[in-house]
Amino acid sequence: MLILGIETSCDETAAALVDDSAVLSNIISSQIDLHASFGGVVPEVASRKHVEAIGYVIKEALDSAHKMLSDIDGIAVSARYGLIGSLIVGVSAAKSLAYALKVPLVGTHHIEGHIFAPILSHPEMPLPHVCLTVSGGHTMLVYVKGLCQYEVMGNTLDDAAGEAFDKIAKFLNIGFPGGPAIDRLSLRGKRTAFDLPRPMVKSRSLDFSFSGLKTCVVNMFRGKEQDTIPLPDVAASFQEAIVDVLVSKAIQAAERKGATAISVTGGVSSNRRLREAFQETCGKLGLEVFFPLPELRTDNAAMVAAAGAARLERGEASGLDLNAVPTAPLESTR
Amino acid sequence: MRILAFDTAAPTNTVGLVDDDRLLADYAWEARDNSLQRIVLNIDQVLKRGGVALEDIEGLAVGIGPGSWTGAKVGVTVAKTLAYAVNKPVCGVTSLEALAYQCRTASVQICPLVDAGKENVYGAFYRPRGKSLVRKGDFYVGDIKGLVAAVKEPTLFLGKPAHLYRRTLARELGPLASYGSPSDSPSGCVFAWIALPRFRKGDSDDALALAPLYLKESLAQALLLKRQQEDSGKPSQ
Ligand SMILES: [Zn+2]
């Protein structure tokens, strides 16, 4: 079944063709350089760029896979969770195509897409499993009971982990997006240089909170000249605190459910130290850990196509009245 | 020539289907925030009532604003995707020209107005020429006083802001100003008929590049400035 996936929930305009578990094309038009000049995503600018890029991106997804519109068997789109002005562009394009091509349409949840990225990358991945999905927009622990069956176990109470990286990187003046900048700097720093808090790591709750950690770093260095701040040590210590919290909560979640595997997905799953720490800890505990292929970690449409294919196989197509919903619980379907 | 047209940038969303000068079917609904939910279904209804399959239309026309920013994005994205999917030409039509078109037989210049928020208006000046309209000068965005200052001849004001600011217009312009009907919201077919002469000449817009009409380009720049000011509190390099 050849599915066209469309993703426009934040600042990436993406389209992809997926045939069962084969990713035939995965086109992403990133606005990262544009938003870097603003130090973050500007919703109004993002939605404008989506309208301009969407047609080219869909065409490129077909052309580079050597497929024609008439080959498409179904259209999947991220319709829930994200910036409303951005989501509406993907949903408008998806429903128009589904109508014109007379193929089924399915609206999926953006987070469900991220959950499918490691599944698409490793079809042998066991179910059930625990999924930690972590990016600039969200930090969520999900028990994946089966395909398209979820139980949210933990969520961020304030900043997403990637957002905390961005804010600290911005505060330290080291660039946007913050995750890669901090990851690079931390290579030269000591993880134990500063004793930073591990927010909520001791609590029974599997929720996350990173704003206190961020405030702690800001208070330490507010008003200091940049060249007097030991940037690599700050980066390494800050990153370690976040990684510690993410790993320990994910392990707790897996233990609570008796799961044998954990997947780590979303943009922050590219973080070198996070991957290393998960591999070490899971190795010790006899848990399997899975990461998406590099091109499926940040927002992309192949993961949306994979989620959509699973929904269509369950007979869960959407109507042409499909709407874009910026905040929707993951558990809700359609 | 069979043209499917729609506009979701105005408060009243419209779909129209014409064959040359003949109206085949049309539909209008008061859109609050349901443009995205209704547009494709309503296009389908109008095509069915007009007895025309999507594949058999010969061109698409779409409202590109100014108006509701969200609405314009929905309409333009639907139009470009449909045009790409059925491989037909597409023409973008501004809401201002669509408003003016209904009074194209007027003997004076026409100034359609659209609310731009924050007590500002979008506007433009059109002169009737034969059966069509020619825009004089650039689009205007700003307060009503700035617009009034540009008026030196008898002018027919159209659109909701023409009624909202009627006292100002009357005070500043006196007998130079005349007014259209307050319910002068254009139907979907108007967008088709404005595009028709372009299609007949073999002219159309690039479907993939089609974008809403941006008249407030400075917003992103303004945001950049604001952010730079916010950032002045962080460590210096
Ligand atoms: Zn995401």
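Residues numbered from 1 in each chain as written. Chains lettered and ligands numbered in written order. Predicted model: local features only at pLDDT ≥ 70, side-chain atom pairs only at ≥ 80, totals over all residues. Heavy atoms only, no water.

Some points on the overall build of chain A
The number of helices and strands found in chain A is 10 helices and 10 strands. Expected size for 334 residues packed as a compact globule is a radius of gyration near 20 Å; at 20 Å, chain A falls within 12% of this value. Referenced to the eigenvectors of the C-alpha coordinate spread, the extents of chain A come out at roughly 60 × 45 × 30 Å. Buried residues in chain A amount to 60% of all 334 residues. Counting only contacts in chain A whose residues sit at least 6 apart along the sequence, the fraction spanning at least 24 positions is 74%. When the accessible surface of chain A is summed, it comes to about 11900 Å², and 53% of that surface belongs to carbon and sulfur atoms. (Helix = DSSP H or I, 4+ residues; strand = E, 2+ residues; numbered from the N terminus. Rg over C-alpha atoms; globule rule 2.2 N^0.38 Å. Buried < 20%, exposed > 50% of the residue type's maximum accessible area, 1.4 Å probe, protein only. Contact = heavy atoms within 4.5 Å. Areas by Shrake-Rupley, 256 points an atom, 1.4 Å probe, with all protein chains shown as cover.)

Some details on the interface of chain A and chain B
The partner chain B presents 41 residues to the 44 residues of chain A that form the contact. Between chain A and chain B, roughly 3800 Å² of surface is buried when both sides are summed, and carbon and sulfur atoms account for 62% of that area. Applying the counting rule to chain A against chain B returns one salt bridge. Notably, a salt bridge pairs B:E55 with A:K102, separated by 2.8 Å at the nearest N-O pair. There are nine residue pairs in polar contact (both at pLDDT 80 or more) connecting chain A and chain B. Breaking the side of chain A that touches chain B down by element, the ones donating at least two residues are α2 (43–64), α3 (84–101) and α5 (161–171) of chain A. Residues belonging to the side of chain A that touches chain B are distributed by class as follows: 23 nonpolar, 11 polar and 10 charged. (Buried area = accessible area lost by both parts, 1.4 Å probe. Salt bridge = Lys/Arg side-chain N within 4 Å of Asp/Glu carboxyl O. Polar contact = N/O pair within 3.5 Å; in protein donor to acceptor, adjacent residues only side chain to side chain. Nonpolar A, V, L, I, M, F, W, Y, C, P; charged D, E, K, R; others polar.)

As for helix α4 (residues 110–121) of chain A
The end-to-end C-alpha distance of α4(A), which contains 12 residues, comes to 17 Å, matching closely the 16 Å that a straight helix rising 1.5 Å per residue would cover. By the burial criterion, the buried members of α4(A) are A:H110, A:I111, A:E112, A:G113, A:H114, A:I115, A:F116, A:A117, A:P118, A:I119, A:L120 and A:S121. (Expected span 1.5 Å × (residues − 1).)

A short note on the pairing of strand β2 (residues 12–19) of chain B
Residue and element names in this part refer to chain B. Across the eight residues that make up β2, a large majority, eight, are buried. Burial of the side chains of β2 extends over both faces: T12, T14, G16 and V18 are buried on one face and N13, V15, L17 and D19 on the other. Judged from the six bridges that link them, strand β1 (residues 2–7) and β2 form a sheet pairing that is antiparallel. Following the sheet pairing, A5 is matched in β2 by G16. As consecutive antiparallel partners, β1 and β2 are separated by four residues. Judged from the eight bridges that link them, β2 and strand β3 (residues 22–30) form a sheet pairing that is antiparallel. (Pairing = 2+ DSSP bridges.)

What about the domain arrangement of chain B?
Residues and elements named next belong to chain B. Segmenting chain B into domains produces domain 1 (2–95 + 185–219) and domain 2 (96–179). Using C-alpha coordinates to define each centre, domain 1 is positioned 23 Å away from domain 2. Every contact between the two is made by 15 residues of domain 1 and, on the other side, 13 residues of domain 2. Counting each side, the surface lost to burial between domain 1 and domain 2 is near 1300 Å², with a carbon and sulfur contribution of 68%. On inspection of domain 1 and its partner domain 2, the count reaches zero salt bridges. (Domains from an automatic or database assignment.)

Observations regarding unusual backbone geometry
Outside of glycine, negative phi angles account for most residues, and trans bonds account for most peptide bonds. Of note, the bond from A:F176 into A:P177 is cis; its omega dihedral lies within 30 degrees of zero at -5°. Look at the link from B:G65 to B:P66: it is a cis peptide, with omega at 5°. Not every positive phi belongs to a glycine, and B:D20 is a case in point at roughly 50°. Following the sequence through the fold, B:D20 ends up in the loop between β2 and β3. Phi is positive for B:K118, close to 50°, though the residue is something other than glycine.

Digging into the domain arrangement of chain A
Residues and elements named next belong to chain A. What the domain assignment lists for chain A is domain 1 (2–114 + 296–313) and domain 2 (127–294). The interface of domain 1 with domain 2 comprises 15 residues on the first partner and 18 residues on the second. Interface of domain 1 and domain 2: buried area, both sides summed, is about 1500 Å²; carbon and sulfur atoms make up 63% of it. When residues of domain 1 are sorted by the area they lose upon contact with domain 2, H114, L296 and R297 head the list and together hold 45% of the total. Where domain 1 meets domain 2, there are zero salt bridges. Where domain 1 meets domain 2, there are seven residue pairs in polar contact (both at pLDDT 80 or more). Counting residues per element, the ones that place at least two in the side of domain 1 that touches domain 2 are α1 (32–36), α4 and α10 (302–313). In terms of residue class, the side of domain 1 that touches domain 2 is made up of seven nonpolar, five polar and three charged.

What to know about the side chain of A:T139
All names here are of chain A. Assignment of secondary structure puts T139 in strand β7 (residues 139–146). For T139, a relative accessible area of 0% corresponds to the buried category. Polar contacts involving the side chain of T139 include one to the main-chain amide nitrogen of A161, which spans 2.8 Å. Residue contacts for T139: discarding those within four places in its chain leaves T133, V134, G154, N155, T156, A160, A161, F208, F210 and L246.

Some remarks on the pairing of strand β6 (residues 129–134) of chain A
Residue and element names in this part refer to chain A. With six of its six residues buried, β6 lies for the most part within the structure. Looking at chain direction, β6 and β7 are connected through six bridges and run antiparallel. By the bridge assignment for β7, V134 is matched with T139. Between β6 and β7, which pair antiparallel in sequence order, lie four residues.

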